[in-house]
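Survey of secondary and tertiary structure
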Amino acid sequence: FDNIQLPKPICILDTDFATKDFSLSQWYTDKGYNATPTLTGYPLTDLLEELGIVRLYQDTECNRSLSPYQPAQSNGWNVACPEIKDILPTLQTAMTCALLDHCTGVDCCVDVELLGRSIHTYVDIDPCYYRMTVGIENMAYNLSLLDYTWGKMMDVALYGVVRLRLSIDDLFEENLYLVNMNISVCFEST
């Protein structure tokens, strides 16, 4: 290349549904499909195309019965961080999370029955380089902690379907991070 200008895309962390005002119940009606707990075959392909999420799937889906999610405690967590003594909140039965051994990374795997697969989400804070990585499947954002507003709630969404809400506070005096995180899977834009 010699003085070639390349377009610079605008990154939006909180993306809405690919189809404006998407509703799964309306989609079933419009397409004439029967509502089932797990879609397969053409209806599944049709839904994934409508949602726009399949192109960001990881090649291999996460597996809650393998590392780093196992061995999980009864509350759904596998805690590899030796410094964590607090009792972590109980996760829903379709989710398993790992608190990684370096203590500033959370890796979660959520079974989504309708899609017949598991979705991988993660947050990793790197205090040495003062950055944070937030990801859902192959969609990952590297954010500088120098620009991050401590305590502010941020949303990262995979086309509205998978949403990760996150806030982090730097408890400087205690040499700790205070992390709040919520993962949700929605098939109704409302």
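Here, every reference points to the structure presented above.
Residues numbered from 1 in each chain as written. Predicted model: local features only at pLDDT ≥ 70, side-chain atom pairs only at ≥ 80, totals over all residues. Heavy atoms only, no water.

1. Quick look at unusual backbone geometry
Where we set the bar: The numbering of helices and of strands both runs from the N terminus, where a helix is a DSSP run of H or I of at least 4 residues and a strand a run of E of at least 2.
With an omega dihedral of 10°, the bond running from Ser67 to Pro68 counts as a cis peptide bond. On the secondary structure map, Pro68 appears in the loop between α2 (41-51) and β1 (77-79). Residue Gln70 is joined to Pro71 through a cis peptide bond whose omega torsion reads 5°. On the secondary structure map, Pro71 appears in the loop between α2 and β1. At Cys103, a position not held by glycine, the phi torsion is positive, near 75°. Along the chain, Cys103 falls in the loop between β2 (95-99) and β3 (105-112). At Glu137, a residue that is not glycine, the phi angle is positive and equals roughly 55°.

2. What to know about the packing of aromatic side chains
Under the convention used in this document: Only rings of Phe, Tyr and Trp enter the pairing, Trp through its six-membered ring, and a pair is recorded when the two centres are within 6.5 Å. The plane angle decides the type: under 30 degrees is stacked, over 60 is edge-to-face, the rest tilted. Partly exposed residues are those whose accessible area sits between 20% and 50% of the maximum for their type, while under 20% is buried and over 50% is exposed, using a 1.4 Å probe and protein chains only.
One pass over the structure, following the stated rule, counts six aromatic pairs. Taking the centre distance of 6.4 Å and the plane angle of 70° together, the rings of Tyr130 and Trp150 count as edge-to-face. Of the two residues, Tyr130 is situated in the loop between β4 (117-126) and β5 (131-136) and Trp150 in the loop between β6 (139-144) and β7 (154-158); the sequence distance between them amounts to 20 residues. Looking at Tyr130, the relative accessible area reads 28%, which means it is partly exposed.

3. A few points about helix α1 (residues 24-31)
Keep this limit in mind: This arc describes the spread of directions from the helix axis toward the C-beta atoms. Residues are treated as being in contact if the distance between any of their heavy atoms lies within 4.5 Å.
Those residues of α1 that sit buried are Leu24, Trp27 and Tyr28. One side of α1 carries all its buried residues, which in axial view fall inside an arc of 100°. Facing away from the buried side of α1, by more than 90 degrees, are the exposed residues Thr29 and Asp30. Buried residues in α1 make contact with α2. One or two residues past the end of α1 sits Gly32, with phi positive at roughly 80°.

4. Examining the sheet that holds β2
For the record, the criterion: We treat two strands as partners when DSSP finds at least two bridges between them. For helices, the axis comes from a line fit to the C-alpha atoms of the stretch in contact; other axes are also lines fit to C-alpha atoms, and the angle between any two N-to-C directions lies between 0 and 180 degrees.
As summarised here, the arrangement of the six strands in space is β1-β2-β3-β4-β5-β6, forming an open sheet in which the pairing is mixed. Pairing within the sheet leaves two strands with one partner each, and these edge strands are β1 and β6. Here the strands of the sheet are splayed against their neighbours by 10° on average, with no regard to which way each runs.

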